[in-house]
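Here are the chains, one letter per residue:
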Amino acid sequence: MVTLEDLAKREYEVEGRKLRPTKVWKVQPKGRKGFVMALFKTPDGKTVRKVIAKVDEQGNIIT
């Protein structure tokens, strides 16, 4: 099973660069499918949010 810590250690393509997230959290409204959101800090000082994974109804992370 994939955890939030595993997703935080990976690198993702953000604005043409490979970056690691500074913060990762799960958003799951009650009774609906959710997603995993990540916060990235680019070298030029900009902060970018990006969805990096989906979450099913039971709360399991789907990559």
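Located above this text is the structure these notes cover.
None of these values were measured; they are calculated from a predicted model. (Residues numbered from 1 in each chain as written. Predicted model: local features only at pLDDT ≥ 70, side-chain atom pairs only at ≥ 80, totals over all residues. Heavy atoms only, no water.)

## Overview of the packing of aromatic side chains
- Considering all chains together, one arrives at one aromatic pair under this definition.
- With 6.0 Å between their ring centres and 70° between their planes, tyrosine 12 and phenylalanine 40 make a pair best called edge-to-face. Placement of the pair is tyrosine 12 in strand β1 (residues 12-14) and phenylalanine 40 in strand β4 (residues 34-41), with a sequence separation of 28 residues. In terms of burial, tyrosine 12 and phenylalanine 40 fall into one category: buried.
- Over the face of the ring belonging to tryptophan 25 we find lysine 23, whose NZ or CZ atom lies 5.3 Å from the ring centre. (Phe/Tyr/Trp six-rings, centres within 6.5 Å; stacked < 30°, edge-to-face > 60°. Helix = DSSP H or I, 4+ residues; strand = E, 2+ residues; numbered from the N terminus. Buried < 20%, exposed > 50% of the residue type's maximum accessible area, 1.4 Å probe, protein only. Lys NZ or Arg CZ within 6 Å of the ring centre and 35° of its normal.)

## Regarding the pairing of strand β3 (residues 23-27)
- Where β3 and β4 come together, five bridges link them in antiparallel fashion. Looking at the pairing, valine 27 lines up with phenylalanine 35 of β4. (Pairing = 2+ DSSP bridges.)

## Topic: the nonpolar core
- Counting residues in hydrophobic clusters, the biggest one holds 13 residues, and the most contacted among them are Leu7, Tyr12, Val14, Val36, Phe40, Ile52 and Ile61.
- Taken together, the elements giving at least two residues each to this core come down to β1, β4 and β5 (47-55).
- The element best represented in this core is β5, accounting for four residues.
- Filtering out sequence-adjacent residues up to four positions away, tyrosine 12 remains in contact with Leu7, Arg17, Lys18, Leu19, Pro21, Phe40 and Ile52. (Core = buried A, V, L, I, M, F, W, Y, C linked by side-chain atoms within 4.5 Å. Contact = heavy atoms within 4.5 Å.)

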